[in-house]
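# Understanding the architecture of this molecule
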Amino acid sequence: MSKREAFLEAACKENVEDFRNFIQLHKDKAEPFDVEEVVQEMPRDQREALWGRLASLLQDVLEELPPERWAEDREEGMEVESAKDPKHVMAVVDGITLVTLVSVKLLQDGDTYSVLLEIAHKLHVVLVSLPVSEVPLQLHIHTLCEAWWKKGLKEKEKFGRTAFLISLQKSFILKKAGVEIQRLWSLHDVLLSLDYTSEDNKQIIDLLLQCFHRPVHIRHDDGKRFLVFLFSWHVNFIWAIHGTIKNQLEFYSKTTTTQITEIYFRAWKKASGDFLEQIESSCIQDFMQCAIFLHRASPVHTKVRQIMSYFHSRKGCHKVDKMLYNLYRPILWKALNAPNFEVRANATLLFTEAFPVHDPDQSNENVDENIQKQLDTAMGLLEDPHPTVRSNATLGVCKILAKCWELLPPTIITDFLKKLVMELAADASSPDVRCSVFKCLTIVLDNALSHPLLEKLLPTLKYSLHDNSEKVRTAFLDMLIKVKAVRAAKFWDVCNMDHLLARLAIDSHSVSKRIVDLLFKSFFPVNESEREWCCRCITLIQMNPMAARKFYQHAYKHTAPTNIIKLMLAIRRVLNNCIQTDCDLTDINDSNKENSAQAALVTLGKDMAVVSSLLEVVVILWRSVGKALKQNEEAQKYTFAKFGNVMSKYFQAFEDDRCTVPLIQLASFMPPAAVPTFSCGVLSRLRRMDQGAVPTQYGQLLDCVCSWGQAADILELITDWLTEALPKQGEKANANRKVRIQETTEAKPDLAVAYLDYLFSHTSTQEKVLALGQRPMKQLHTVLGNWKSVLYTHLSSTSEDPKSPSLETALKAFMFHGRLGAHLQHNASEGRDYLLSLEHVAAWVAERVLPFLAKGTSDDGEDSEKSPSLATQITESFLTVCRDVLLVGLGDETFKGQILHLCSLILLSDAGYLCIPAVLPILKEVADTYVPEGNSQAEENQEDATAVILGVVANIFQKIIELLARRLRKEPEEGKQLCQSAVPGLTDFLQVAQAWDRAPLSGVFSTIFAVIIVEKRHLLQKITHPEEVITPESVEDMPPLSSILLSVILKSPSVSRAFLTEVCLSLDSEAISSLNELAAVLHILTVIKHTGQSKAGLKSAATSVQQQLHKHAVASVDSRDIQGVIFESSVKTLNEILAL
């Protein structure tokens, strides 16, 4: 039996296993059996018999197990494969699909295929009800439907629609959808057979619109072709596509927007008739209107502008020019004259970018006339009253000049450039316009034909370098850089070198780096010899020393580190020549006489200003290539050796102060062994420094010591001095110490504290000192802590002891004890020893210092002001340190509790009110560590540590407000000064407190509200004449404390809202009931009203007042007493607030 006959026999229910085996052989690449080959060899009647048997087999297997039950039976699981096993059925259906697909491909004209059509229908039913998991079978039936459509067989529309829909759906689902998008494009003709208006196709329409959301469809070449084709499916579908794209436009990237625009353009080019009209009117012209009427801040505006720019870039084609002319004509010219400046500005950009907007079908005379009108319009836009329009017009005109220079008459070009350069570049009303001129002239400079004219005009702009707007100066320099790059003119002819250097010396980083970019090749010609570099350097120094320093700060960005080091060594050679006898430097100036004539300084050795500037330049250059030197050990050693062997001579020859400073900095860059003469004497110089020395005298020496790794020596010196200066501790302290330098000097505690201040105020030195480890730092910390005894001596003594260390030094040492403790606690890996130390200091302040916070009396009965003042200083100094500890997050719960306890004790002492400005920052920092991130914390859990500490904070704040009120009553002038000094602390604290909308910190605002009400009520009660009832208009009209508190509250909208919330809560609780209290509330609301803040909160509070105020109406109807006047005034004020 032949293969054909065997295969034909197998295509029945009885031999279904043989049929499956044949299909399996076909799929096995190693087997020679091929279904396509077998079917192709069959004669027509045998082929038709095969189709009939396949139809029967398919009918039988589907009757036994319909597709609807495949998923159910698979879930139940069938261990033994039988005729009803879904796997078996699907394998048979898959085989039938394969044979059918092969048969469809082999169909020839005149073949009868009604049986195949029957099989295809049944497989179509299977496809529709197939479980999602059966991807292989779905793919095969899908391929059959596609082949049926492409073959153009009977009922192809049905199969084509199915194939198209499945491909469309799969193009969304698959991660790599490229192949499916290609298939979708190959089936795009299916759409032409579908009815757009039919409800049956609504699913397809929705999916087609979703294609415009998918970047993969937009990017893919076949995807683009498909999306372009969609514009030609149905006229009404164009508007649906356009609406979808507009909704999605905000979320497109710049690249995607370009691709979408390309799709629009290709669709427009291919369209004709109604489709063309619809694309032009519904899409392109709609984009034009959006580009004109959208706000510039709109996220869609830039995308719409990008789309229109694409169309404008295609100008020059007859069809595009005609389209732009027709679509712009009804809207553009009106927009250029619109009252709204944004519309005019947007229209200006479109008009100038699309210029010339002309009808290519007109005669040349008409076109010329039309273009002349447009040029007049552009000139008019340069004179628009609004700066934004003038700026946009400047950009547009410059683009026109750059693009159409050869086509425009010379007079027109000259008029435009004169308008820009002579008028708009000096537009006093707007820096944006001036900036635009310089930014846009760079566009004109791209056209080489503009250079001769601009060379004459640009020098008139030279003073723009000194414009008071930084962005204008920056734009001007960018233009000069462009002039230099395109060689349009010599930049120094446009702007004098002296002006450039003067501006380089004083201007910001942004401007300076551009000037350096402009001048770099002039003063650092890398292609010239190193001698020439030196000559130019000296010339630059002589022209402007400050500019020279700035120039070399930026030089490393423009050349290799190797060249920087070469220049340093070249300057070294010049300096070496300077310290020789009868120096003559003309030998280094042989090259380029024109640029370096001024550098031939015969008496340079005597010109210390130039020498010092050269040394400064070396320092600047070294610092700029420091990292590069560290990475190249050989170059670093060479540089150290070269400078090291001349440093001692430099120190001897250049004794001027200006030279000494850079020499010391140079020494700090090198190891101490490279400068032995200098390095050996640095510590000795620091030892011998006078007590009143300033940081400029010792700062660089300390930098040197630290950079050389000798920070331990200076720390030992500081510790020694502080120890020796303590009363009765000098001998004991020195007994066990090793003497490093054999010289006796007196202890200088003032200088020790100054050194310490410098070391901890600079990051580089601070890191070196803290890296010394715990032992020396702990020793210094202990010594600093011992200075408390000196402070106590000053506090308790009635007379000055000349032998005792100064009070100022003791106070600084006391503060450094706290600061150093904070640093050490931060560096400590575990424990809280240094926090404990601060807590001990807090206890010492409470025990020893606070008793003096009262006006004492001396033995002879005279008031002593010294002790309270000093006690206040000590307390405030300690609180400042504690605030910093809390600020950097080092304070734990125990520390916060101890410091708050100290704050309470301070405020309870007689003169504790003096420390209010120092206490408030503590409250702010403590509260700040507990600011709720949300309202997720459980309100019922109020007994935890957080609630307790914040409760203490609220109580201390209440005490502060009471003390301020008391001082204002007893000593009004002193009270006002105290309140003013407390304003910064109050402002910061309330900003933190407003974040809480519940106890305990919400009580802060109730405290403030109560104080203001009490103060205002007291004032109203003292009124004796109706004329005295005046409604305040500003915080200055309120009583003293209320004025201060309200001014603080009204600084921040969020604090104002929190305060108004408290006002409403107090009114709703009926805690405020009397007429005077309600009037006081209305006075507060009036003051807030005049600031224009929180209108909603104001109305809410006013409504609450209204509900209370009507109760007092009856008592006041017929009386003209004070209460009646207050009531009438309150009603009037209330109505004004409610009318907001």
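Parameters and conventions
- Residues numbered from 1 in each chain as written.
- Predicted model: local features only at pLDDT ≥ 70, side-chain atom pairs only at ≥ 80, totals over all residues.
- Heavy atoms only, no water.
- Helix = DSSP H or I, 4+ residues; strand = E, 2+ residues; numbered from the N terminus.
- Buried < 20%, exposed > 50% of the residue type's maximum accessible area, 1.4 Å probe, protein only.
- Contact = heavy atoms within 4.5 Å.
- Expected span 1.5 Å × (residues − 1).
- Salt bridge = Lys/Arg side-chain N within 4 Å of Asp/Glu carboxyl O.
- Phe/Tyr/Trp six-rings, centres within 6.5 Å; stacked < 30°, edge-to-face > 60°.
- Polar contact = N/O pair within 3.5 Å; in protein donor to acceptor, adjacent residues only side chain to side chain.
- pLDDT = per-residue confidence, 0-100.
- Axes fitted to C-alpha atoms, helices over the stretch in contact; angles between N-to-C directions.
- Parallel < 35°, antiparallel > 145°, perpendicular 65-115°, else oblique.
- Left-handed = near helix turned anticlockwise from the far one by under 90°.
- Nonpolar A, V, L, I, M, F, W, Y, C, P; charged D, E, K, R; others polar.
- Core = buried A, V, L, I, M, F, W, Y, C linked by side-chain atoms within 4.5 Å.
- Disulfide = S-S within 2.5 Å.

### Remarks on the overall build of the chain
Helix and strand content of the chain: 58 helices and two strands. Each of the 1140 residues in the chain was classed as buried or not, and the buried ones make up 52%. Partitioning the contacts of the chain with sequence separation of at least 6, the portion at a separation of at least 24 is 72%.

### Some words on the environment of histidine 840
In this fold, histidine 840 is placed in helix α47 (residues 833-849). Residue classification places histidine 840 among the exposed residues on the basis of a relative accessible area of 52%. A C-alpha to C-alpha distance of 9.6 Å links histidine 840 and glutamine 898, two positions 58 residues apart in sequence.

### Focus on unusual backbone geometry
Cis geometry marks the peptide bond from phenylalanine 355 to proline 356, where omega comes out at -5°. Assignment of secondary structure puts proline 356 in the loop between α20 (341-354) and α21 (364-381). Phi at glutamate 155 is positive, roughly 55°, even though this residue is not glycine. Structurally, glutamate 155 is set in the loop between α8 (135-151) and α9 (156-173). Assessed through its relative accessible area of 39%, glutamate 155 is described here as partly exposed. You will see that arginine 487, though not glycine, has its phi angle at about 55°, which is positive. Position of arginine 487 among the secondary structure elements: in the loop between α26 (470-486) and α27 (491-494).

### Comments concerning helix α17 (residues 301-313)
Relative to the 18 Å expected for 13 residues at 1.5 Å per residue, α17 spans 18 Å between its end C-alpha atoms, a close match to the ideal helical length. With respect to burial, α17 is a largely interior element, ten of its 13 residues being buried. Among the residues of α17, those classed as buried are His301, Lys303, Val304, Arg305, Gln306, Ile307, Met308, Tyr310, Phe311 and His312. On its buried side, α17 packs onto α15 (254-270), α16 (273-293), α18 (318-328) and α20.

### Remarks on the pattern of salt bridges
As a working rule, side chains carrying opposite charge can pair if their charged atoms are close by. Evaluated as defined, the whole model comprises 39 salt bridges. Between glutamate 353 and lysine 399 there is a salt bridge whose closest N-O contact spans 3.9 Å. Of this pair, glutamate 353 sits in helix α20 while lysine 399 sits in helix α22 (residues 387-404), and the two are 46 residues apart along the sequence. Among the residues examined, glutamate 353 registers a relative accessible area of 16% and is labelled buried.

### Observations concerning the packing of aromatic side chains
Aromatic ring pairs are reported here in terms of the distance separating the ring centres and the angle at which the planes meet. Enumeration over the complete set of coordinates arrives at 36 aromatic pairs. Aromatic side chains tryptophan 622 and phenylalanine 640 sit 6.1 Å apart centroid to centroid with 25° between the ring planes, which places their arrangement in the stacked category. Pair noted here: tryptophan 622 is in helix α34 (residues 608-624) and phenylalanine 640 is in helix α36 (residues 633-653), with a separation of 18 residues, a long-range link. Per residue, the accessibility class of tryptophan 622 equals that of phenylalanine 640, and both read buried. Seen in terms of ring centroids, tryptophan 622 and phenylalanine 669 are 5.6 Å apart; in terms of plane orientation they differ by 40°. Their pairing is tilted. Of the two residues, tryptophan 622 sits in helix α34 while phenylalanine 669 sits in helix α37 (residues 657-669), which places them 47 residues apart along the sequence. Looking at phenylalanine 669, the relative accessible area reads 23%, which means it is partly exposed. In textbook terms, an aromatic cluster arises when at least three aromatic residues are bridged by ring pairs, as seen for Phe520, Phe523, Phe524, Trp533, Phe551 and Tyr552.

### Some points on helix α28 (residues 497-506)
Buried within α28 we find Met497, Leu500, Leu501, Arg503, Leu504 and Ala505. The secondary structure elements touched by the buried residues of α28 are α26, α27, α29 (509-523), α30 (530-543) and α31 (545-554). Of the residues that open α28, the one with a side-chain oxygen 2.7 Å from the backbone nitrogen of aspartate 498 is asparagine 496.

### Things to note about the confidence of the model for the chain
On average, residues of the chain carry a pLDDT of 84, and 90% of them reach 70 or more. Counting contacts from residues 934-943, a segment whose pLDDT is below 50, to residues more than four positions away or on other chains yields ten contacts. Low pLDDT, under 50, characterises residues 1115-1119; the stretch is placed with four contacts to residues that sit more than four places away or in other chains.

### As for the packing of helix α32 (residues 561-578) against α34
Where α32 meets α34, the closest approach of the two axes is 10 Å, and the angle between their N-to-C directions is 155°. The pairing of α32 with α34 is recorded here as roughly antiparallel in orientation. As α32 packs across α34, the resulting crossing turns out to be left-handed. When α32 is examined against α34, the residues Ile564, Leu567, Met568, Ile571, Val574 and Leu575 are found in contact with a partner set consisting of Val611, Leu614, Leu615, Val617, Val618, Leu621, Trp622 and Ser624. Among the residues making up the contact of α32 with α34, the classes are represented as 13 nonpolar, one polar and no charged.

### Points about the side chain of serine 469
Along the polypeptide, serine 469 turns up in the loop between α25 (451-457) and α26. You can call serine 469 buried: its relative accessible area is 13%. If we skip the residues at most four places from it in the chain, serine 469 touches Pro431 and Arg434.

### Brief notes about the nonpolar core
Tyr552, Leu686, Tyr755 and Phe1059 are the most contacted members of the largest nonpolar core, which totals 394 residues. Tallying contributions element by element places helix α51 (residues 945-970) first for this core, with eleven residues. Ignoring anything within four residues of it in the chain, the contact list for phenylalanine 1059 reads Phe1005, Ile1008, Phe1009, Ile1012, Leu1046, Ile1049, Ile1084 and Ile1088.

### So, the side chain of histidine 301
Relative to the elements of secondary structure, histidine 301 occurs in helix α17. Exposure remark for histidine 301: the relative accessible area of 6% places this residue in the buried category. Here asparagine 346 takes part through its side chain, which lies 3.4 Å from a polar atom of the side chain of histidine 301. Residue contacts for histidine 301: discarding those within four places in its chain leaves Cys290, Ala291, Leu294, His295, Arg296 and Asn346.

### A short note on the packing of helix α56 (residues 1075-1091) against helix α58 (residues 1122-1138)
The geometry of α56 relative to α58 is characterised by a closest axis approach of 10 Å and an angle of 35° between their N-to-C directions. Two packed elements cross with a definite hand, and for α56 against α58 that hand is left-handed. Each of Leu1075, Asn1076, Ala1079, Leu1082, Leu1085, Thr1086 and Lys1089 in α56 lies in contact with α58, whose residues at this interface are Gln1123, Ile1126, Phe1127, Ser1130, Thr1133, Leu1134, Glu1136 and Ile1137. For the contact of α56 with α58, the per-class residue count stands at eight nonpolar, five polar and two charged.

### Quick word on the state of the cysteines
Applying the stated criterion across every chain, the model contains zero disulfides. Summary of cysteine pairing: cysteine 706 is not part of a disulfide, and the nearest cysteine sulfur, belonging to cysteine 704, is at 9.6 Å. Classification of cysteine 706 as buried rests on a relative accessible area of 2%.

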